[in-house]
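Analysis of the macromolecular model
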Amino acid sequence: MNDKTKIELEAAAFRRLRQHLMKERTDVQNIDLMNLAGFCRNCLSRWYQEAANEKGIDMTKDEARAVFYGMTMDEWKSKFQTDASVKQQTNFEKTFSENVSPKI
């Protein structure tokens, strides 16, 4: 497989992951993703921002989140985000006190 094809396949997989998280599984909260996988939608948008910045594209955290979420964070929160339960918060604190703190 050549590099161009590999990049196209990776980009397609990323777009599918984004669609899955943003349209099909809006019920899954970021804290659940962090607790289970160690990353969330905000991490993905930050990685997108970092990649843009590495290419010389000036992009803020809010701009990257709007690109990834397809709306502003305020819109996303009002539509889909729920308050974290005590269990979710406890799992998050346990997971990340034992490991490295996340940069969300």
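What counts as what
Residues numbered from 1 in each chain as written. Predicted model: local features only at pLDDT ≥ 70, side-chain atom pairs only at ≥ 80, totals over all residues. Heavy atoms only, no water. Core = buried A, V, L, I, M, F, W, Y, C linked by side-chain atoms within 4.5 Å. Buried < 20%, exposed > 50% of the residue type's maximum accessible area, 1.4 Å probe, protein only. Helix = DSSP H or I, 4+ residues; strand = E, 2+ residues; numbered from the N terminus. Contact = heavy atoms within 4.5 Å. 1 Å grid on protein atoms, 1.4 Å probe; cavity = no way out; pocket = protein on both sides within 12 Å on 5 of 7 lines; lining within 4 Å. Points joined across faces, edges and corners; volume = space filled by probe spheres on them. Nonpolar A, V, L, I, M, F, W, Y, C, P; charged D, E, K, R; others polar. Axes fitted to C-alpha atoms, helices over the stretch in contact; angles between N-to-C directions. Parallel < 35°, antiparallel > 145°, perpendicular 65-115°, else oblique. Phe/Tyr/Trp six-rings, centres within 6.5 Å; stacked < 30°, edge-to-face > 60°. Lys NZ or Arg CZ within 6 Å of the ring centre and 35° of its normal. Polar contact = N/O pair within 3.5 Å; in protein donor to acceptor, adjacent residues only side chain to side chain.

1. A few points about the nonpolar core
Core analysis: the biggest nonpolar cluster contains 14 residues, and M22 and Y69 have the highest contact counts within it. Counting only elements with at least two residues in this core, the list comes to α1 (3–24), α2 (30–37), α3 (41–54), α4 (61–69) and α5 (73–80). If we ignore the near neighbours within four places in the chain, the residues touching M22 are R41, F68, Y69 and W76.

2. Quick word on the layout of surface pockets
Roughly 270 Å³ of volume is contained in the largest pocket. Lining the largest pocket are 20 residues, with Q29, N30, I31, Q81 and T82 positioned closest to its centre. Going through the elements one at a time, α2, α3 and α5 are the ones with two or more residues in the lining of the largest pocket. It is α5 that provides the largest number of residues to the lining of the largest pocket, a total of 4 residues. Grouping the amino acids of the lining of the largest pocket by side-chain chemistry returns 10 nonpolar, 6 polar and 4 charged.

3. Focus: the packing of α1 against α4
One can describe the packing of α1 onto α4 by two numbers: an axis separation of 10 Å at closest approach and a directional angle of 85 degrees. With respect to their mutual orientation, α1 and α4 come out roughly perpendicular. Two secondary-structure elements touch here, α1 through F14, R18 and M22 and α4 through V67, F68 and Y69. Tallied by class, the residues present in the contact of α1 with α4 amount to 5 nonpolar, no polar and 1 charged.

4. Remarks on the packing of aromatic side chains
Using the criterion set out here, one finds 7 aromatic pairs in the structure. With a centroid separation of 6.1 Å and an interplanar angle of 80 degrees, the aromatic rings of F68 and Y69 are classed as edge-to-face. Grouping residues by exposure puts F68 and Y69 together as buried. Relative to W76, the ring of Y69 lies with its centre 5.1 Å away and its plane at 70 degrees, an arrangement referred to as edge-to-face. Taken together, F14, Y48, F68, Y69, W76 and F80 form an aromatic cluster joined through their ring pairs. When the ring centre of F68 is taken as reference, the NZ or CZ atom of R18 above it lies at 5.8 Å.

5. Here we look at the environment of D27
Relative to the helices and strands, D27 resides in the loop between α1 and α2. Spatially, the C-alpha atom of D27 lies 6.9 Å from that of F80, the residues being 53 residues apart in sequence. Polar side-chain contacts of D27 include one of 2.8 Å to the side chain of R25.

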